[in-house]
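# Structure at a glance
Here are the chains, one letter per residue:
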Amino acid sequence: MRSRSNSGVRLDYYQRIVHRLILAHQEPVTGLFPASNVNSHAWIRDNVYCILAVWGLSMAYKKIADQDEDRAKCYELEQSCVKLMRGLLMAMMNQKDKVEKFKTTQSPCDSLHAKYSSKNGLPVVGDNEWGHLQIDAVSLYLLILAQMTASGLQIVFSLDEVSFIQNLVFYIESAYSIPDYGIWERGDKTNHGEPELNASSIGMAKAALEAMNELDLFGARGGPASVIHVLADEAHKCQAVLQSMLPRESNSKELDSGLLCVIGFPAFAADDAQLIHNTKDAILSRLQGKYGCKRFLRDGYRTPKEDPSRLYYERWELRMFENIECEWPLFFCYLILFHAFQNDKRSVQDYADRLEKIMVRSDDGILLIPESYAVPMDLVGFEYEKPGSQLREVVGRCPFLWGQSLFILGRLLQEGFLAVGELDPLNRRLGAQKKPDVVVQVVIIAEDNEIRDKLAEHDLHVQTIAEVAPIEVQPARVLSHLYTYLGRNRKLGLTGRKSRDVGILSTSKLYSLKDRIFAFTPQHIDYEEYYTTRDPDLLASNFTTNLAFLTNNWRHMLGRPTITLMATHYMLDQDKIPLAMIQTMRKLKSGYINGTRVMLGSLKDFLNTSAITDLSFLGSTEDGYPDRLHPDVQTYLDEHLLRSFSNRNTMNLRGGQLRPRHLRRRMSCKGAIKKTRSINVDSDNLGMEGPSPLTERRLSSIVPPPWLHPNQQSHVSVFATTPEEGPSSPPHLGGELIRENIYPIDPHHSRSAIDRRSEFVRQQEITVPKILIQRHRADNNFADTEVEELIAMLRETENLEEQGDILQYLVDTQGLDFNTAGLGFRHKHDDDNVGMLEEGRVVTVRDLLKGLYEKACQQKLWGLVRHTAGMLGKRVEDLAKAVTDLLVRQKQVTVGMPPNNEHTITAPLPEGELRQLIHDAYGDDESTAMLTQELMVYLAMFIRTEPQLFHEMLRLRVGLIIQVMAKELSRTLNCGGEAASEHLLNLSPFEMKNLLYHILSGKEFAVSSVARGNLSIVSCKSSRVSKKSQIGLGDPEGEDALIATIDDRQGQWLRRRRLDGALNRVPRDFYSRVWTVLEKCQGLAIEGRILQQSLTQEMTPGELKFALEVETALNQIPQPEYRQLVVEALMVLTLVTEHNMVASLGDIICVEHLVHKANQLFLEDQRKVQGDATLCCAKLKDGKEQQQAASGMLLCGGAAYICQHLYDSAPSGSYGTMTYMSRAVALVLDCVPKHGEMECAIS
């Protein structure tokens, strides 16, 4: 017999160890590993990690198999892996009903269990008795299942199992927005059972989704039916949220060693090399010790100070665990693997040596990894004094199989039995490497020949739908519907994919189905129901954003992305192709657009270079006909393909007929819409008054507000309506294009559009007898105007604004479902008319509103559009998604005007609840409620594409942002607040997004007036604005003259403080520095809220929960510029503590007191040097000053009794705000020495 090679002998040694330490514990029936000899529960996560060593060893044997026994050993080890993975699969399949339920509820009670009985695979604790929702465990299972399958193991045996795995993919798909209990099963670190978003779970889910995509679970022997499909956008969302969280683990854990498995083996989920480096460094510097790493800061588990009799911790006791947390050798094993994959031999050796010192030898000489090391009870005091100085003792299981398994993998890599590629057959480790630039392919298709010819006039040659055949072009909703068939299984009771969302990554592929090829247009241009799609500039800008997004996020996919766009009649503006569209298409032709490489061409040219996915899952495999389409799919496609793009009703949208005007009278219900506005600009302190309480309904205001004086004519409509419109082409009132979401259901709502159309025609044909309304009304409030007369007025007026006011009044008094048919005709005996209306048709106020909405959209009267959209209860299509996008990136959102009506959104809500919340926050102000929804969508766009705009901002207060936008407009346009909020609500969606961008980025902007009274926001870099001024002074004579003239420097700092205050922007590391101040005093009082010192007992400096506490206190301050001065005062206090001037700051510090003291000092100086403030605050003698303050207004309009000129001072310099703050601190705080030498450096 041949002698055994050295490597063979060494492998046999590892095989003995694996057998003894790991396989000896595997249950013969289920294949699962119990937690220990006394605890028979089997955790999913621990079981998967335990088997990795067995899998690694089997691959090592496969390579050196020089004897038959080696092949037998290899097979035996492989089958142990299959046995375990199938054991877990069976346990989870027993809970298939939970998987089905969880897809819709996402509730912790409906989640798969985290542990099962190792004896029979059944549940061991109830749904509510354990933190079962641990997305990272299910994700880890799927990830390792994919890796093992790719390495050649066959784990999944039947197509039913394939559908179950596909549904597990749906289960983890939304990991980025589902708070869970995480890798340590704790949720919030106080262990009160509150789940939170964990970066380690999101990273593991992202890795699993990418690994599973297009994987054939039957390996080389499979066919199309055994392939798993993942929508690329879901993995990308996990990626984006992970990127925004790292190195933070969750709200309560600012750092966690568990992230090592996300940035390295097994997940390799982070794609950014710098981020990986930063996360690892943060873990090493703050959590590493001699005996391993701590799991997270202030982790009380198994420490001598923990009270073992209860599960949860009191909030104040967390501070006791600082510096004595247990250290886990497990993380040294992770670090060895991390560096082995980086090919960093020195670090691998370094950690191997450290591990050697802390391992425990068993009786037969095998090295064991213990679970953790704790400080002994009697040495705790010394450890507190000098962290890391005391010897520790082993606590917990020994050997700890999860760690032991990773240790063995590390040894196999170190000794060269395995190459890193074998542990990662799917090559996930290469994710962070640089990739070549992506070229985005763009295809433009015209709806019909007419549009094709219009484009050809601009030298843009495109194909029509008919010409691209046999390739079929469909809207994204078709793809979304097809994906609902994925993973359906009658036997298991699984219903396929629930989410209707298909993102831009999914629609940028082509899809093959049998012998047909489909291209899909992007989802965001599908929604023709919502008014922002009526703005061509916004569509063009969103399109370029999408191109940039594709360039950055098209990874792990073969082929190039292809965007297919339809040019439809719907996009035409007065029968012309909008300029914005033409300009964008010309840029596309040039090959570069905003730095993105693009190719414009036809679908046929791109067939070979595009990514193509096979929709094979649409076959009716369950009925035994895998080659035929599922019958439901067949009927859906047949019906849908006929009418999707081609026969779309071309809407003839023109104004009503011109009627002879007998008289033009002033409206007696003018301003009904304006009364609903709640944007508050003029009051001296933003948001102090707020809207009147919601109980008092809108029309009970007896005194008409100043802008309702009868001499102000509301804008006369400049748009003549087109006379040629005959009864044959009425405005289309039907509901096909208007998706609604209105609470009262109209019983006649389902009537066909044709009925509605004809009745609208009739209304238009009837000539309305005019009624005179008495001219001498004193109150221009029309409570006593009869409804009859109003409707007659409505039929007569051409001015859309007036129609809006009448309808607003009708809605308030009669409701949306009030039937107006037959009203407004005085001469009832006129047979014709009666005959026309006898059929009992119903024309509700809602129908009239819809007609108005359509006309306002065509004429681009955006203020009216927003208002009518709000009254009709239209919803922004992706509102819930937008809010989720903000929340999962750790930004909370508030809606409503501060301080009375602000509602904070801290967790994702369903669409309906969100709209209700916004509605409640603004009362009856429909326009602002609509604007709020619109702004939330733009904020979400920005956070997806330019996250750096949101640094150092924790809460986005939409109400305050709206007020500041109006204030900025009033400043730039030199107009009053009332006019400014009108201008704001009349901005087109594109300009609104632009203004928001300028405010977020703090860039200067100018406002230029464009035709039709619309405003356009121009960056000050723009050539149209002279460089001299901060706001930009154009030549005042020119047609396009800029409307702003303001002195350069004045108001600059005030504006900046106002913006930063409204956006809640704070200096870097602000919150952790406030924590150090809080540690040295009893508390900080801000606007009546006291931050107690005990917060430092409960939370660590970098913890998000602490930041939110400070934020909540600061948000009590309604005026943004004042809030910003309070932040500056806090910064001065942090400098006092950081330079260790004093041991303690004493009692509770009133921060506002410091600001007011600084203001006093400022005014004294102003009097001495005769500064600007002598004109307002500094000129008053003391007696008068008191009286002035009592009446509540400063002469200069400064907020919160602080002189406007102090707000407008730069922070630095001898007259800077920081100087006064420092002097105030020295005067107010008793602890700072009053005389003697002190070094004072203020940066």
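Keep in mind that this is a model prediction, so the values were computed, not measured.

## Looking at the overall build of the chain
Helices and strands together make up the secondary structure of the chain, namely 44 helices and 29 strands. Nonlocal contacts in the chain, meaning residues at least 24 apart in sequence, comprise 74% of its contacts between residues at least 6 apart.

## So, the pattern of salt bridges
Evaluated as defined, the whole model comprises 62 salt bridges. Put simply, E173, E234, K237, R497, D501 and K881 are held in one network by salt bridges that share partners.

## Brief notes about the packing of aromatic side chains
For any pair of aromatic rings, the description consists of the separation of the ring centres together with the inter-plane angle of the planes. Counting across every chain of the model gives 25 aromatic pairs. Taking 6.3 Å as the distance between ring centres and 25° as the angle between the ring planes, the aromatic pair formed by F331 and Y334 counts as stacked. With a gap of 3 residues between them, F331 and Y334 both fall in helix α11 (residues 330-341), about one helical turn apart. The buried category is assigned to F331, whose relative accessible area is 1%. Aromatic ring contacts, followed pair by pair, group Y49, W184, Y301, W328, F331, Y334, F400 and W402 into a single cluster. If you follow R310 out to its NZ or CZ, it ends over the ring of Y312, 5.6 Å from the centre.

## Points about the nonpolar core
Of all hydrophobic cores here, the largest spans 147 residues; its most connected members are Y141, L142, L145, M212 and L406. Residue contributions to this core peak at 13 residues, all from helix α2 (residues 44-64). Among all residues touching L145, those that are not within four sequence positions of it are M85, I155, V156, I165, M212 and L217. By size, the runner-up hydrophobic cluster in this structure holds 89 residues, among which are Y531, V865, M871 and Y997.

## With respect to helix α40 (residues 1120-1138)
For an α-helix the count is 3.6 residues per turn, leaving residues at separations of three or four pointing the same way. Taking 1.5 Å per residue, 19 residues should reach 27 Å; α40 reaches 27 Å between its end C-alpha atoms and fits that length. For α40, a buried count of 18 out of 19 residues is recorded, marking the element as mostly surrounded by other parts of the structure. Phi turns positive one or two residues past the end of α40, at N1140, with a value near 50°.

## Side note on unusual backbone geometry
Put simply, C398 and P399 share a cis peptide bond, and its omega is 0°. Within the secondary structure layout, P399 lies in the loop between β8 (393-395) and α14 (401-414). Look at the link from A469 to P470: it is a cis peptide, with omega at 5°. Relative to the helices and strands, P470 resides in the loop between α17 (465-468) and β11 (472-474). Although it is not a glycine, R302 adopts a positive phi angle of roughly 65°. Along the polypeptide, R302 turns up in the loop between β4 (292-293) and α11. Residue classification places R302 among the partly exposed positions, given a relative accessible area of 27%. At N594, a position not held by glycine, the phi torsion is positive, near 50°. Turning to its location among the elements, N594 is positioned in the loop between β17 (592-593) and β18 (596-600).

## Remarks on the sheet that holds strand β27 (residues 1081-1086)
A sheet is described by the order of its strands in space; here 3 strands give the open sequence β28-β27-β29, paired in mixed fashion. Strands at the two margins of the open sheet, each flanked by one partner only, are β28 (1089-1092) and β29 (1146-1150). Each adjacent strand pair in this sheet contributes to an overall mean axis angle of 20°, direction not counted. Across 4 bridges, β27 lies against β28 in antiparallel orientation. Pairing of A1085 across the sheet is with I1090, part of β28.

## Some remarks on the sheet that holds strand β23 (residues 903-905)
One open sheet holds the 3 strands; their spatial order is β23-β22-β24, and the pairing between them is mixed. The sheet terminates laterally at β23 and β24 (955-957), the two strands that pair on one side only. The average undirected angle you get between the axes of adjacent strands in this sheet is 25°. Pairing analysis gives 3 bridges linking strand β22 (residues 892-895) to β23, with the strands arranged antiparallel. Residue pairing in the sheet places V893 in a bridge with I905 of β23. Across the sheet, helix α30 (residues 879-888) is in contact with β22, β23 and β24; its angle to β22 comes to roughly 130°. Sheet strands touched by helix α31 (residues 911-922): β22 and β23. Its angle to β23, the strand with the most contacts, is close to 160°.

## Overview of the environment of L479
Within the secondary structure, L479 sits in helix α18 (residues 476-483). Given the relative accessible area of 0%, L479 is considered buried. Sequence separation between L479 and T507 is 28 residues, and the spatial gap between their C-alpha atoms is 8.1 Å. In this view, L479 contacts V502, S506, T507, Y511 and F520; residues no more than four positions away in its chain are not counted.

## Digging into the confidence of the model for the chain
For the chain, per-residue confidence averages 81 on the pLDDT scale, and residues scoring 70 or more make up 81% of the total. The low-confidence segment residues 826-839, where pLDDT is below 50, has 13 contacts with residues more than four positions distant or belonging to other chains.

## Describing the packing of α11 against α14
Direction vectors running N to C along α11 and α14 enclose 30°, while the axes themselves pass 9 Å from each other. Relative to α14, the element α11 lies roughly parallel. Relative to α14, the crossing made by α11 is left-handed. Contact residues: L330, C333, Y334, I336, L337, A340 and F341 in α11; W402, G403, L406, F407, L409, G410, L413 and Q414 in α14. Here the residues of the contact of α11 with α14 are counted per class, giving 12 nonpolar, 3 polar and no charged.

## Side note on the side chain of D136
Inspection of the secondary structure puts D136 in helix α5 (residues 135-150). Those residues within four positions of D136 in sequence are excluded, and the remaining contacts are R45, D180, G182, I183, S200, S201 and M204.

## Examining the side chain of D1165
With respect to the helices, strands and loops of the structure, D1165 is situated in helix α41 (residues 1151-1169). Here the side chain of D1165 touches Y1220 through a polar contact of 2.9 Å, side chain to side chain. Contacts of D1165, omitting those with residues within four sequence positions, involve Y1215, Y1220 and R1223.

## A look at the environment of C326
Position of C326 relative to the elements: it lies in the loop between β4 and α11. Classification of C326 by relative accessible area gives buried; the value is 1%. C326 sits 68 residues away from V394 along the chain, and the two C-alpha atoms are 9.6 Å apart. Each residue touching C326, except ones within four places of it in the same chain, is listed here: C293, K294, R295, Y301, R302, T303, S372, Y373, A374, R392 and V395.

## Observations regarding the packing of α41 against helix α44 (residues 1217-1228)
The N-to-C vectors of α41 and α44 enclose an angle of 115°; their axes lie 8 Å apart at closest approach. Crossing geometry of α41 relative to α44 is assigned as right-handed. Between α41 and α44, the residues in contact are H1153, L1154, V1155, K1157, A1158, L1161, F1162 and D1165 and Y1220, M1221, R1223, A1224, V1225, L1227 and V1228, respectively. Among the residues making up the contact of α41 with α44, the classes are represented as 11 nonpolar, 1 polar and 3 charged.

Calculation notes
- Residues numbered from 1 in each chain as written.
- Predicted model: local features only at pLDDT ≥ 70, side-chain atom pairs only at ≥ 80, totals over all residues.
- Heavy atoms only, no water.
- Helix = DSSP H or I, 4+ residues; strand = E, 2+ residues; numbered from the N terminus.
- Contact = heavy atoms within 4.5 Å.
- Salt bridge = Lys/Arg side-chain N within 4 Å of Asp/Glu carboxyl O.
- Phe/Tyr/Trp six-rings, centres within 6.5 Å; stacked < 30°, edge-to-face > 60°.
- Buried < 20%, exposed > 50% of the residue type's maximum accessible area, 1.4 Å probe, protein only.
- Lys NZ or Arg CZ within 6 Å of the ring centre and 35° of its normal.
- Core = buried A, V, L, I, M, F, W, Y, C linked by side-chain atoms within 4.5 Å.
- Expected span 1.5 Å × (residues − 1).
- Pairing = 2+ DSSP bridges.
- Axes fitted to C-alpha atoms, helices over the stretch in contact; angles between N-to-C directions.
- pLDDT = per-residue confidence, 0-100.
- Parallel < 35°, antiparallel > 145°, perpendicular 65-115°, else oblique.
- Left-handed = near helix turned anticlockwise from the far one by under 90°.
- Nonpolar A, V, L, I, M, F, W, Y, C, P; charged D, E, K, R; others polar.
- Polar contact = N/O pair within 3.5 Å; in protein donor to acceptor, adjacent residues only side chain to side chain.

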